[in-house]
Amino acid sequence: MSDQSCIIIAITGASASGKSLISSTIHKELCNELGYEEIGMIAEDSYYKDQGHLSFKERIKTNYDHPNSMDHDLLIQHLKALKLGNAIDIPVYNYVEHSRTQEVTHFEPKKVVILEGILLLTDERIRQEVNMSVFVDTPLDICFIRRLQRDMEERGRSLQSVIEQYQATVRPMFLQFIEPSKQYADIVVPQGGKNRIAINMLKAQIKHLLDNK
Ligand SMILES: Nc1ncnc2c1ncn2[C@@H]1O[C@H](COP(=O)(O)OP(=O)(O)O)[C@@H](O)[C@H]1O
Ligand SMILES: Nc1ccn([C@@H]2O[C@H](COP(=O)(O)O)[C@@H](O)[C@H]2O)c(=O)n1
């Protein structure tokens, strides 16, 4: 397969801005329209560095909003493999344990891969691999409320720990790294996963990229 065999769409923005919702909505609708074997979704979170060698006490001290917390080397290796038509094994991450599990998800090459995550556009090497990039622009107070609810319900966190982490790293790293990466996005989308006009436009652009492959 040629280097252009896999179209990569990057969807970025703050934590809980609605990246997963917009990605899964586009994924589901394009799968129905184009077929399940054509479109795949990958979360940057799967590429948090393995911390199996650290104690739990040490793991909770990690700054998970700094680019150094991500194994972007492996992510880039995987994106290049997909472009060459090779399958990859994606690590499975556990937010409760703050580390990778022993499992992997086998992922066959697709015509379109929707990649979502907070730090994608901060890395020039990733920017070079993507065909289109989207920044989901949701006010930070709304992101915080959503994150608080989600992290307590789904990621095993206490009210106190979410507030402390938000003040110590989530907000400062957003301002230092994520917000400035908006300049690299092709499209900025307000109202996240419920912005029907933006979703329709993104789907149309993905189809256009596929038609011109
Ligand atoms: N536009 C929206 N309106 C209401 N709730 C939303 C909206 N977008 C996302 N959510 C909810 O907010 C939470 C975080 O959204 P998610 O898409 O997982 O964020 P991200 O992937 O950016 O961290 C989820 O519970 C999701 O259902
Ligand atoms: N062990 C971890 C790993 C990551 N996080 C937080 O996840 C956020 C990114 O994921 P989203 O789905 O919200 O985009 C990021 O802001 C990290 O703080 C964590 O809390 N613990």
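None of these values were measured; they are calculated from a predicted model.

Visitor: Describe in detail the site of ligand 2, supporting the description with residues and values.
Guide: As a matter of local geometry, ligand 2 sits amid 17 residues, with Ser 15, Lys 19, Asp 65, Tyr 93 and Arg 147 nearest to it. Note that an oxygen atom of ligand 2 is positioned 2.9 Å from one of the side-chain N or O atoms of Asp 45. Residue Arg 157 places a side-chain N or O atom 2.8 Å away from an oxygen atom belonging to ligand 2. In isolation ligand 2 has 470 Å² of accessible area, and contact with the protein removes 98% of it. When grouped by side-chain class, the residues that make up the shell around ligand 2 number seven nonpolar, three polar and seven charged.

Visitor: Residue-level account of the UniProt feature "binding site: ATP" (unreviewed entry) in the protein, with values.
Guide: UniProt marks Gly 13, Ala 14, Ser 15, Ala 16, Ser 17, Gly 18, Lys 19 and Ser 20 with the feature "binding site: ATP" (unreviewed entry), using the numbering shown here. Narrowing the list just given to those that line the largest cavity leaves Ala 14 and Ser 15. Inspection of the secondary structure puts Ala 16 in the loop between strand 1 (7-13) and helix 1 (19-34). Apart from residues no more than four positions distant in its own chain, Ala 16 is found in contact with Cys 143, Arg 146, Arg 147 and Arg 150. Position of Lys 19 relative to the elements: it lies in helix 1. Beyond its immediate chain neighbours, meaning those up to four positions away, Lys 19 contacts Ile 11, Thr 12, Gly 13, Ala 14, Glu 116, Gly 117, Ile 118 and Val 136.

Visitor: Requested: an account of the nonpolar core, with residues and values cited.
Guide: Formed by 37 residues in total, the largest nonpolar core has its most connected members in Ile 42 and Ile 88. Elements that contribute at least two residues to this core include exactly strand 1, helix 3 (72-83), strand 3 (88-94), strand 5 (112-116), helix 5 (140-154) and helix 6 (159-178). Aside from chain neighbours lying at most four places away, what touches Ile 88 is Ile 42, Tyr 47, His 78, Ala 81, Leu 82, Thr 105, His 106 and Phe 107. Counting residues in hydrophobic clusters, the runner-up holds 19 residues, among them Ile 7, Ile 11, Ile 39 and Ala 198.

Rules behind the numbers
- Residues numbered from 1 in each chain as written.
- Chains lettered and ligands numbered in written order.
- Predicted model: local features only at pLDDT ≥ 70, side-chain atom pairs only at ≥ 80, totals over all residues.
- Heavy atoms only, no water.
- Near = heavy atom within 4 Å.
- Polar contact = N/O pair within 3.5 Å; in protein donor to acceptor, adjacent residues only side chain to side chain.
- Areas by Shrake-Rupley, 256 points an atom, 1.4 Å probe, with all protein chains shown as cover.
- Nonpolar A, V, L, I, M, F, W, Y, C, P; charged D, E, K, R; others polar.
- UniProt positions renumbered as here; feature names shortened; annotations may be inferred.
- 1 Å grid on protein atoms, 1.4 Å probe; cavity = no way out; pocket = protein on both sides within 12 Å on 5 of 7 lines; lining within 4 Å.
- Helix = DSSP H or I, 4+ residues; strand = E, 2+ residues; numbered from the N terminus.
- Contact = heavy atoms within 4.5 Å.
- Core = buried A, V, L, I, M, F, W, Y, C linked by side-chain atoms within 4.5 Å.
- Buried < 20%, exposed > 50% of the residue type's maximum accessible area, 1.4 Å probe, protein only.

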